[in-house]
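Okay, here's what each chain looks like letter by letter:
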Amino acid sequence: MQDRRKFLNRIAGAAGLAAFSPYINSVKAESLFKAIERNAHRSASDIATDEDFWYFIQQAFTVSPNILNLNNGGVSPQPKVVQDAVENYNRLSNEAPSYYMWRVVDMGKEPLRAKLADIAGCSPEEVSINRNTTEALANVIFGLRLKPGDEVVLTKQDYPNMIHAWQQREKRDGIVLKWLNFDFPIEDNDFIVKQFENAFTAKTKVVHVTHLINWNGQLLPAKQIAQASHRRGIEVVVDAAHSFAHFDYKIPDLECDYLGTSLHKWLCGPFGSGLLYVKKDKIKNLYPLMSAGEPESEDIRKFENLGTRSFAIEEAIGHAINFHLMIGAERKAKRLFYLKKYWTDKALQIPGVSIGSPLKPEFSGAIALLQIAGKDPGEVNEMLFNKYKIHAVGINWENIHGVRVTPNVYTTLHDLDRFVAAVAEIAET
Ligand SMILES: Cc1ncc(COP(=O)(O)O)c(C=O)c1O
């Protein structure tokens, strides 16, 4: 126990210090660091409910104290340390761009790849640094070698950018898209896996799985779907835009072949940062989206052939990783679920309110869908903003209707009380 405590203290100490040097206001940094140190011995579940601890995390952000942002599912604000890093690298780059960008700032790219691989739980040789999920997965969707008649299984509840990419391949290359259409929320993983299996035929070559459905926060059993697919020789593409750095897992846990995610969502990275994972033995056969000198190379870097880009954004990702490590993946996942549970439990007491999302931790995290009987999600969302200055998002997509509400690590219970009070008033009108 004593050793574990020392170890946790060391981890919290190292990551905590690294997260705050050298950009943030030193008084805030010191109090946050002390809060982390003081709490290193406590369990993640215990800390998840400790407002004093999370108050210090809130202070690391620069979010508006007036507009309540409950649309962290769209994109997350960055902690101040990440914002400062972007500005700092950008300022340096502007002193002599081609010198500082290529010869100085870019020197951090390989260490960054290793750092990303560390939190992703895979080899750095399986990690490509891209600008977002859309770019990461476009590499996969357009890079896979598919013939006319080959089938791809996907769902109506996948993200539009990915759906459109597959539809473009259907039009151009004659592949066949096989659609599943779920009626979420579903708290039965066997049922979900069975629907995928029922859609598989001898012609199925690929399955596209959105790990966490963005519309309502339903977590799909990606690993079980991957296992069922691999038994039939089907390749597995995972859209992890919303699950990475939200849930406490490593990419190989999902047993997928390809995965894309956005780092500006749950990692709180700079806007326009993402990651592509390609399993080592799959790299050679996947063509890069942007042409590379050796398109059939086994080097993951062939998916980064963008030309001139923002080196400041790329490099600042490292500061977001430090911040994430400082909080700790498990503590963060537990806190996010706790916040969702806190407001949904209260909202469910209000007549006419229902939640269009799973409520158990095995099937959901921070994202939940508010539904008020007889009210249009768009109208409810407008009322939330116009009258209460609460920013969320109205969803009307396939079988999913409601206002998507997504707190983040900086959201306090006080914020959620304010939100629930607004919901009660709207439901009464
Ligand atoms: C499930 C899912 N996939 C992909 C994306 C696209 O992410 P980005 O805009 O960062 O490319 C999103 C964005 O919200 C998403 O929710």
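Since we're looking at a predicted model, the values are computed, not measured.

## Some details on unusual backbone geometry
- In this model, Phe 184 is joined to Pro 185 through a cis peptide bond whose omega is 5°.
- For Pro 185, the position within the fold is in the loop between strand E4 (176-180) and helix H10 (189-199).
- The phi torsion at Glu 255 lies on the positive side, around 60°, for a residue other than glycine.
- Along the polypeptide, Glu 255 turns up in the loop between strand E6 (235-239) and strand E7 (258-262).
- We classify Glu 255 as partly exposed; its relative accessible area is 33%.

## Notes on the pattern of salt bridges
- The final tally for this structure, using the stated rule, is 27 salt bridges.
- The partner of Asp 84 in a salt bridge is Lys 80, with the nearest N and O atoms 2.8 Å apart. With Asp 84 and Lys 80 both in helix H5 (residues 80-93), this residue pair falls 4 residues apart, about one helical turn.
- Take Lys 80: its relative accessible area is 30%, and that puts it in the partly exposed class.

## Let's talk about the sheet that holds strand E8 (residues 274-278)
- Ordered in space as E2-E8-E7-E6-E5-E3-E4, the 7 strands form an open sheet in which the pairing is mixed. Where the open sheet ends on each side, the last strands, each with one partner, are strand E2 (127-130) and E4. Averaged over all adjacent pairs, the angle separating strand axes in this sheet is 20°, with direction ignored.
- Two elements, E2 and E8, share 4 bridges in a ladder whose sense is antiparallel. Each residue of the ladder has a partner; that of Ser 128, found in E8, is Leu 276.
- Sitting on the sheet, helix H8 (residues 133-143) touches E2, strand E5 (204-210), E6, E7 and E8, and the angle it makes with E7 is about 160°.

Criteria and cut-off values
- Residues numbered from 1 in each chain as written.
- Predicted model: local features only at pLDDT ≥ 70, side-chain atom pairs only at ≥ 80, totals over all residues.
- Heavy atoms only, no water.
- Helix = DSSP H or I, 4+ residues; strand = E, 2+ residues; numbered from the N terminus.
- Buried < 20%, exposed > 50% of the residue type's maximum accessible area, 1.4 Å probe, protein only.
- Salt bridge = Lys/Arg side-chain N within 4 Å of Asp/Glu carboxyl O.
- Pairing = 2+ DSSP bridges.
- Axes fitted to C-alpha atoms, helices over the stretch in contact; angles between N-to-C directions.
- Contact = heavy atoms within 4.5 Å.

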